[in-house]
Amino acid sequence: MKSKALLLVVLGLWLQSLTASHGGVAAADRGSDFRDIESKFVLRTPEDTVEDTCHLIPGVAESVANCHFNHSGKTFVVIHGWTVTGMYESWIPKLVAALYKREPDSNVIVVDWLLRAQQHYPVSVGYTKLVGNDVARFINWMEDEFNYPLDNVHLLGYSLGAHVAGIAGSLTNKKVSRITGLDPAGPNFEYAEAPSRLSPDDAYFVDVLHTFTRGSPGRSIGIQKPVGHVDIYPNGGTFQPGCNIGEAIRVIAEKGFGDMDQLVKCSHERSVHLFIDSLLNEENPSKAYRCSSKEAFDKGLCLSCRKNRCNNLGYEVHKVRAKRSSKMYLKTRAQMPYKVFHYQVKIHFSGTESYTQTNQLFEISLYGTVAESENIPVTLPEVSTNKTYFFLIYTPVDIGELLLLKLKWKSDSYFGWSDWWSKPSFAIEKIRVKAGETQKKVIFCSRNKVSHLQKGKAAEVFVKCYSRSLNRKSGRQTHTKKNSI
Ligand SMILES: *[C@@H]1O[C@H](CO)[C@@H](O)[C@H](O)[C@H]1NC(C)=O
Ligand SMILES: *[C@@H]1O[C@H](CO)[C@@H](O)[C@H](O)[C@H]1NC(C)=O
């Protein structure tokens, strides 16, 4: 009964909004009657990031003055998503605080559409059009009334809120500067047409983080397809580190069931925390790399920065507007700061005797001018004599310039008779390492011309013999083949 009544309300409001805009006398155009706007616009302050103390009321100019809106500052509009509890989620004050920390003169506005966001999911989906329309009318009013420039407006929407932001952006008189979509909702949107979801047309620049896109398209919590100018899929976009069941059990043991809700949304909400991280850790943004697939990225094949192939994650993203939206990838840590450093390793295994082994575990240690990172594990699905392998390794440690590398071939966890008799080993002369973050390639050479890497034995040491920058603007570009040294 209740949902039926709601549906009627939705339908009624929808028809109302249709007739309003078709007649060319939408409330936004009249500039006087905003009474039907149900969404609330709350100007939070750096001092009070939590409470809704000051409301900006469309049509009421004094409300803007009373809230001390800074007309020459930037404006961030934060839009929440679907909610079970009907309350703001705990990330909102954190994002507000981080925005103010980074941009102290700005205005951070939280859109309160909690009443419409706490319905059955499909009902709330239907409401996104109305809320988007509310937000657009508010923004248009700010422009009409105060001449507030829309290229100072940045909308940030999480989950359903990302589509609200998109719909709002498509309805403003002029394009807003930027929309950031934080894991835009997938169900009901994966196959939706551009006008009813977030899309690149909705702002001058649209950047999107996809953090929880596990499952078949249309059923995954986060939308899978790219919907912005820059779409970043941290850790493949499916699921985030630190969000697994084991972790959940540990947190429940420590903090009790109160955080259950948090765990369910862990990967989804990671999008917000990655963005917060980018605001707080200004000097060291995480880099993401364009790649055809997450599998190719995991092989280390996509660490190039040529022709805008890499970009910063979060606030400091370069506003690259390619014709075709492309997917970008990176690895992260499980906690803030999320940044890791990516390396592609290329090894040629040679030898006079032929060996082929599957699922082999190696450990790589990197030593640099600043620090070292030891025993980074790598599992290769197959290793064979006289074959070349590429793979990705990453570490949270900023090593600096690479100087030395150690490689160890771990013995199988079970006792393998075949290894006992054959003592597999590979001859290695050189290892090439390409650093994503610095775009430098380093060639490591064996100290004795050739190293014999034996399974289960001590690590072999390789020292830097040659390095160069990948991205020399001038000079001969002799390396057209993607994977050549
Ligand atoms: C408003 O923003 C401008 C530009 O960002 C800044 O210079 C000014 O100090 C701010 N005013 C107030 C009252 O915060
Ligand atoms: C690997 O290649 C080298 C050089 O081409 C050759 O001498 C060696 O016999 C090859 N090893 C195997 C196991 O085929």
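The present account deals with the structure reproduced in this document. Model, not experiment: these values are computed from the prediction.

### Here we look at empty space enclosed by the protein
Within this structure, the stated rule accounts for three cavities of 30 Å³ or more. What the largest cavity holds in volume is close to 50 Å³. Every residue lining the largest cavity is listed: Phe69, Thr75, Val77, Ile109, Phe138, Ile139, Met142, Tyr148 and Val153. Every element with two or more residues in the lining of the largest cavity is listed here: β3 (75-79) and α6 (121-146). The biggest single contributor to the lining of the largest cavity is α6, with three residues.

### Looking at the environment of Val272
Take Val272: it is sitting in helix α10 (residues 266-280). The exposure class of Val272 is buried, given its relative accessible area of 0%. Aside from chain neighbours lying at most four places away, what touches Val272 is Trp91, Tyr158 and Leu182.

### Some points on helix α7 (residues 160-171)
Under the 1.5 Å per step criterion, the end-to-end length of α7 is 17 Å for 12 residues, consistent within 8% with the ideal 16 Å. Within α7, 10 of the 12 residues are buried, which leaves the element mostly enclosed by the surrounding structure. All of the buried residues in α7 are Leu160, Gly161, Ala162, His163, Val164, Ala165, Gly166, Ile167, Ala168 and Gly169. Against β3, α6, β5 (153-158) and β6 (176-182) lie the buried residues of α7.

### A look at the side chain of His268
Residue position: His268 is located in helix α10. Only 2.6 Å separates the side chain of His268 from the side chain of Asp183, close enough to count as a polar contact. When neighbours within four sequence positions are excluded, His268 is seen to be in contact with Tyr158, Ser159, Asp183, Thr211, Phe212 and Ile221.

### Details of the site of ligand 2
Lining the immediate surroundings of ligand 2 are Gly351, Thr352, Glu353, Ser354, Thr385 and Asn386. Contact between ligand 2 and Gly351: a nitrogen atom at 2.7 Å from a main-chain N or O atom of the residue. The contact in question runs from an oxygen atom of ligand 2 to an N or O atom on the side chain of Asn386, over 2.3 Å. When the free accessible area of ligand 2 is taken as 360 Å², the share hidden by the protein chains comes to 39%. When its residues are assigned to classes, the shell around ligand 2 shows no nonpolar, five polar and one charged.

### As for the packing of α6 against α7
Viewed as axis vectors pointing N to C, α6 and α7 meet at an angle of 40°, and their least axial separation amounts to 7 Å. On the basis of their axis angle, the class for α6 and α7 is oblique. Considering only the axes of α6 and α7, their crossing is right-handed. Contact with α6, carried on its side by Tyr121, Ser124, Val125, Thr128, Lys129, Val131, Gly132, Asn133, Val135, Ala136 and Asn140, involves Leu160, Val164, Ile167, Ala168 and Leu171 of α7 and no other residues of that element. By residue class, the composition of the contact of α6 with α7 is 10 nonpolar, five polar and one charged.

Cut-off values and rules
- Residues numbered from 1 in each chain as written.
- Chains lettered and ligands numbered in written order.
- Predicted model: local features only at pLDDT ≥ 70, side-chain atom pairs only at ≥ 80, totals over all residues.
- Heavy atoms only, no water.
- 1 Å grid on protein atoms, 1.4 Å probe; cavity = no way out; pocket = protein on both sides within 12 Å on 5 of 7 lines; lining within 4 Å.
- Points joined across faces, edges and corners; volume = space filled by probe spheres on them.
- Helix = DSSP H or I, 4+ residues; strand = E, 2+ residues; numbered from the N terminus.
- Buried < 20%, exposed > 50% of the residue type's maximum accessible area, 1.4 Å probe, protein only.
- Contact = heavy atoms within 4.5 Å.
- Expected span 1.5 Å × (residues − 1).
- Polar contact = N/O pair within 3.5 Å; in protein donor to acceptor, adjacent residues only side chain to side chain.
- Near = heavy atom within 4 Å.
- Areas by Shrake-Rupley, 256 points an atom, 1.4 Å probe, with all protein chains shown as cover.
- Nonpolar A, V, L, I, M, F, W, Y, C, P; charged D, E, K, R; others polar.
- Axes fitted to C-alpha atoms, helices over the stretch in contact; angles between N-to-C directions.
- Parallel < 35°, antiparallel > 145°, perpendicular 65-115°, else oblique.
- Left-handed = near helix turned anticlockwise from the far one by under 90°.

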